[in-house]
Structures are given as structure tokens and as C-alpha cells.
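A closer look at the structure
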Amino acid sequence: MEIRVKIIEGEASESEFLFREFPVTIGRRLDNHITISDPSVSRYHCQIVQLGGGLRVVDLGSQNGILINENAVQQGSLSHGDVLSIGGAKLVIEAVQPRPNAPETPGGHSEATRIDHELNGMETVTLDPTEATFLRSHPAPDATRSERALWLLFQLCRAVGERTTPEDAQIQLIEKLFEAIPAERGAIVLAERPGAPPASILTRSRVDGPVDFEISRAVLSQVLQENRAFLRTRIANDREAMPRTMIVDQVEAALAVPLMVGGRTIGMLYLDTRKPGAKLDEGHLQLATAAGATAAAAIESLRRQDMLRERARVFEEQTREDAELLLVGGTEIAAELREKAKRRALDDWPLLICGPAGSEGIRLAQWVHLNSNRREGPFIRVSCEGRDPEEIYRELFGEGNHSNGMRALPLLEAAYGGTVVIQGLQSMSKSCEPRLLHLLESGAIERRAGAERIPINVRLILIWEGRSDHVSRKAELGEQLIAKLGEPLEIPPLDERPGDIPALAERIAEHAALQAGRTAPQLAPGVVAVLKRSIWPANTTQLRAAIERAEAERGADFIEVDDLPEEILNGGPGRLRGYHQSVFESRKKILLDALDRTGGNFSEAAEILEINRTYLHRLVRQLDMKDEIARRYS
């Protein structure tokens, strides 16, 4: 079976892919078969697999799921023309029709068979690939100009295809053309879009290698904006009409051709010579145009790969920093959690992570994965909350059939070499214990009542919402399973570690600012006091939401108390004491005095306070004064 995958939305290393072998992995990391640079796409998002006579797509525990023709699925069959949505990207799946048989000759045999028979009847022909006409290190001495040009294009294809950076590919293009065109200098100019300033300029000399020289703006404009190749000879004879740059450089002849990929101009190839009487002709222009077209796609592909690598590197750094959030802080509790997490990351045993609601155990699981020997493997999350246990078993173990009779590909098998996280373990049925225990003891899953045994190479991390002693006391998982999981990592509630809240808040604000393209803010002293005195029933999730909103609201380099969400400040009087309570009451009195002087007119009160009217309304909301003002001025 052969399929073509076309990218119609989103950024990928190529716009079209052809596959004959399966599975095909799609995700954000560069080791996928299809790499998509999009934060909404998970590192290993999904797989296209061949089962029976058809194809299926399987979600590998991605953050944002997959859709087939706008219908959300965990797994689903693929047909010709289906649109697969992965995060913000869209792909079209097309079946490739087999090539038609070769036409038959009058003798009743196909052309290939007829030639075969003729050869068998006359002689046996063998060929050393290194002696193939167009693969030799040099063209034949008696080769025609067309044959030498064709030989050069084959050599160029091989040379550019072996390069690993766009700079090397550009150098190969120029150096190969020096072998066939009597130019002294060459340059490749790359642009992001027509009319934009050059993104890069690479210049070379036949004799000296890297060399700096200026290229005429008129030449750049003609090629990059008008998409026209040109050849100019005897430039010195027409000084009035030629660009000043060429006259100053004493250029005798020059040619330039656009580099185009899919109808889009990505740059320009330029060659010139300053030797008096030197000639460049139309044949040279034709060859340079063909060479540029041959190399442009490879150069652009390497550029995009560089861009995707850089984006992936930045995103992975941000992911690693975000995953480290729960380990931030200077208290003994934070230090103890860090040491345990480091210790458990180095072993490869199953792991239990416990924490109260909103403690974001999935981030700690991700940190353990990123700091383990499995960091290059898939990281797959399976959520149990609100789901049918049988659906979870089918997803993990591949047991049971779908409505169309196709067997599901188990995620425990798809995550080979990586980590599988089962989140919301407290929501699973007690009947899961025997299957999980068997997996941990045997390292394998079984199908068809034990007739098929499949070894599994994954690390299992279980996340339980609650304290570890609750796990033992409730005995929901059974003593044997708990023993297999070893020492748990327990995330303490924020209310037990108020000393770590400022560091956590600063890290969250820094990450949010980075995502928004802004400089990281500092926390005003009043903000730190409010955060440490507040109650956080939803723990890190609640703190994250509050700080991210405050970061978005701030108008200066600091996050001030006024930037905090009103639900944090509304409970201020009951939580604040001493100085902060006095400040809270004083601010209310200042606002009420101004409103009293204006009879409740917000615009005039804002002028008196020398603040913006919108900001005055915001202060009223934050200080929970709306009801009081309504009664006062109704």
C-alpha cells in the first residue's frame, strides 16, 4: 500500500510526503516521519498504522487530540481524501494508484519483456554503477556540451542531496557551476518573501573561496520581484545603461536566475566575470537556470529543517522549564521533593505520584521523563477521569474490537522506549489491578486469552489525586500493586509550603511573559504578601491561573497588587491582617471620597484621582465595592 500525505495547513519539513512502509509517526519532534512545528502538536502526536487491508490513525496520548474530517477520535479508519487535523495542522490522505502496466508490443510482450528477451538472445550486459555515464567523476572526453550539462546536473543533485546545512548546499551549487561556466564569482541571495530585504547572502570566488562583493540592487529587484532570469554581456561597452555597482567592479559579463520552489521565489543565483573579453552565453544561462531549479528545493528544505530544529529546541527548553515548576523553591519541603524526583528519574521502575487537587502531577511526571534515560522516547498521557474503564483498557492494552472489527493498537505498545502516564488513577475501577500488576510483573501484555504475548518496553507512571497514605488506607490499588510502585513522589499542597509561593509565582510569570514575547516581570512586595497569605484550594493550578492573568494585565515592569485577579483580592479583608488590611481599607476610602465629591460620576472621580476611568472601574471590582457604590448613589 502506498499513500501520499499533503500538508494543507501548518508548518512541516516538507509540503508532501510519500509512504510505502508503516507505521508513520507524526509529531513535533524531529525524529518523527512527519515533523510539524506547532506548539499545539505534541512531541509524538499520532501514528498511521496498517492493520488488515486498511489504514488507521492512532492518537498517542496527545494534548489536543486528532480529528478525521472534523470528527474527534482516539483511533479511526482512513480513506482516500480524508482530512486529518492534528493540533493546528491539517493533512490530506491520498491513496496512490499503482502504475499501469507497460504497453504491449505487436509481438504480444510488454516493452520491458521484449527488451529482456532481445538481451537474452544476444548477450549479457553488466554495469559497474561507478562507471555509469552520468555518475563518473568526470564527463567523457568526447561528451557534447549538452551531455556535459546533464552530467553536471546529476552531480549537482548528488552533491546537494548529501549536504546537511543550507550553507553547504549553496556552496556546492556555486562550486559545481564553476566547473561548467567561466565565471569568476558567484553569489546566492535568499529572501523570506518577494520584496523583503535579503535574509542571507553567500558569496564565493573561483580562486579565493569566500569573498565579499556587492550585488546591484537593480539586479536583485529584477530577479526577486519580476522572477526573470537575465544574461548581460559586454557590460563595459554600455556604461550609461548598466548599474553603477557593475561598472565600479568592472564586471564584463553577468547572469542571474531566480531560485523557485513550488512557484514561489526564495532567492537568486548570480554569476559574473571581470576578465576582459570573457563570454557568458545563453547555454550558460540555461544551465544555471536548470541548476538553480534543481538545488532550490533542497536548499529550502534544509532551511526549514534548521528553522524547525531551532523552534523545537526553544519549545523543548520551555517545556523542560515548565515541567520543573513543581521543584522550584527554597524550603526544606521543596529540597526534599527535588532530591526524591532526581533519584526516581535515574531508575527505570514504575512510579506513583500523589498530590492534592490542582497539584499538576503531570508536570512532575514529565520532568521525570525528560531527566530519565527514556527522554528521547514518546511521552504518552492517558486520562481516566470521567471515562468508561473498558475504553481505558482497550486504549492501553488493545483488548476488544472496534465496531468495524479492527483491532486497536495498544498505547503501551506504541510507546516503545518511552513513558506512559496514567492520570486520575483514583477514577479507575478496582478491576484494573490484575492487568496492571501482570504488566509490571511480566513486562508484557496478552491478547486472545493469553495466546499472543507482546513484550512492552515502557516506564509506567501512575498519578493519584490524594496523599500516598490514602492510597494505602483505601486499598483501591491493592497492596501488591503499591509494593511494585516503590517509593512514591508526593507533591505537598501549597498551603504547607507558603515559603515557596514567591519562587513559583516568579517562574510562572517569567514563562508567561516569554510566551507573550515580553520581558519577565518582578513581583511587587505587596503581591508576595497577598500570595503567601491567600488560601489555595486548587494549589498550583489556581496559582498559575492567577499569575498568568496578572502578567497579562500588568502595565509596568512589576506585577502590582492591582494586577491580581479580583477573586484573589475579593477575599482580602478576611485574609489580610495588620499593614495590608489597613492599606486595603485606605484604598477603598480614597475611592469613595472621590466618588462622593462627584456624586458618583466615575469620569469626574477619575480626573480627581488622576487615573484612567477604566482603571477606576477595575479598582472598584478588585476591592469588591460595586454593591456598596450602587446602594450609595442609587
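Structure first, text after, so check above.
A short tour of the structure in this document, coming up.

About the thresholds
Residues numbered from 1 in each chain as written. Predicted model: local features only at pLDDT ≥ 70, side-chain atom pairs only at ≥ 80, totals over all residues. Heavy atoms only, no water. Buried < 20%, exposed > 50% of the residue type's maximum accessible area, 1.4 Å probe, protein only. Helix = DSSP H or I, 4+ residues; strand = E, 2+ residues; numbered from the N terminus. Pairing = 2+ DSSP bridges. Contact = heavy atoms within 4.5 Å. Axes fitted to C-alpha atoms, helices over the stretch in contact; angles between N-to-C directions. Parallel < 35°, antiparallel > 145°, perpendicular 65-115°, else oblique. Left-handed = near helix turned anticlockwise from the far one by under 90°. Nonpolar A, V, L, I, M, F, W, Y, C, P; charged D, E, K, R; others polar. Phe/Tyr/Trp six-rings, centres within 6.5 Å; stacked < 30°, edge-to-face > 60°. Lys NZ or Arg CZ within 6 Å of the ring centre and 35° of its normal. 1 Å grid on protein atoms, 1.4 Å probe; cavity = no way out; pocket = protein on both sides within 12 Å on 5 of 7 lines; lining within 4 Å. Points joined across faces, edges and corners; volume = space filled by probe spheres on them.

Quick notes on the pairing of strand 5 (residues 46-51)
Extensive coverage of strand 5 is indicated by the burial of five of its six residues. Bridge count for strand 5 against strand 6 (residues 54-59) is six bridges, and the pairing is antiparallel. Paired with Gln50 across the strands is Leu55, a residue of strand 6.

Let's talk about the sheet that holds strand 16 (residues 253-261)
Strand pairing in a sheet takes place through backbone hydrogen bonds and is either antiparallel or parallel in direction. Strand order in the open sheet formed by six strands is 14-13-12-17-16-15, and the pairing between neighbours is antiparallel. Every interior strand has two partners, whereas the edge strands, strand 14 (209-210) and strand 15 (230-232), have only one. The pairing of strand 12 (residues 185-191) with strand 13 (residues 198-205) spans seven bridges and is antiparallel. Bridge pairing in strand 13 links Ala191 to Pro198. Packing of helix 3 (residues 166-178) onto the sheet brings it into contact with strand 12, strand 13 and strand 17 (264-273), and relative to strand 13 it is tilted by some 40°. With respect to the sheet, helix 4 (residues 217-226) is in contact with strand 12, strand 15, strand 16 and strand 17, its orientation differing from that of strand 17 by roughly 140°.

Some details on the packing of helix 2 (residues 145-161) against helix 3
Orientation of helix 2 relative to helix 3, taken along the N-to-C sense of each, is 160°, at an axis distance of 9 Å. With respect to helix 3, the element helix 2 is oriented roughly antiparallel. Remark: the crossing between helix 2 and helix 3 carries right-handed chirality. Between helix 2 and helix 3, the residues in contact are Leu152, Gln155, Leu156, Ala159 and Val160 and Ala169, Gln172, Leu173, Lys176 and Leu177, respectively. Per-class residue counts for the contact of helix 2 with helix 3 are seven nonpolar, two polar and one charged.

Quick word on the pairing of strand 12
For strand 12, the tally of buried residues reaches seven of seven residues, placing the bulk of the element in the interior. Side-chain alternation along strand 12 places Arg185, Ala187, Val189 and Ala191 on one buried face and Gly186, Ile188 and Leu190 on a second face that is also buried. Sheet analysis places strand 12 next to strand 17, joined by six bridges and oriented antiparallel. Residue Ile188 lies in a different strand from strand 17, and its bridge partner there is Leu269.

Things to note about the packing of aromatic side chains
Aromatic ring pairs are defined here through the distance separating the ring centres and the angle between the ring planes. Scanning all chains against the criterion turns up two aromatic pairs. The interplanar angle of 5° and the centroid separation of 6.1 Å between the aromatic rings of Phe17 and Phe19 together place this pair among those described as stacked. Both residues of the pair, Phe17 and Phe19, count as buried. Both rings, one in Phe213 and one in Tyr270, keep their centres 6.4 Å apart while their planes meet at 40°; by these two values the pair is tilted. Placement of the pair is Phe213 in the loop between strand 14 and helix 4 and Tyr270 in strand 17, with a sequence separation of 57 residues. Under the relative-accessibility criterion, Phe213 is labelled buried at 12%. It is Arg185 that lies over the ring of Phe213; its NZ or CZ is 4.1 Å from the centre. Positioned above the aromatic ring of Phe230, the side-chain terminus of Arg232 is 4.5 Å from the ring centre.

Details of the layout of surface pockets
Within this model, the largest pocket holds a volume of roughly 950 Å³. Along the walls of the largest pocket sit 45 residues, with Gln63, Ile362, Arg363, Gln366 and Arg381 positioned nearest its centre. Only helix 6 (282-323), strand 18 (351-355), helix 8 (361-370), strand 19 (379-383), strand 23 (459-465), helix 14 (501-515) and helix 16 (539-553) provide two or more residues apiece to the lining of the largest pocket. Taken together, the residues that form the lining of the largest pocket break down as 15 nonpolar, 20 polar and 10 charged.

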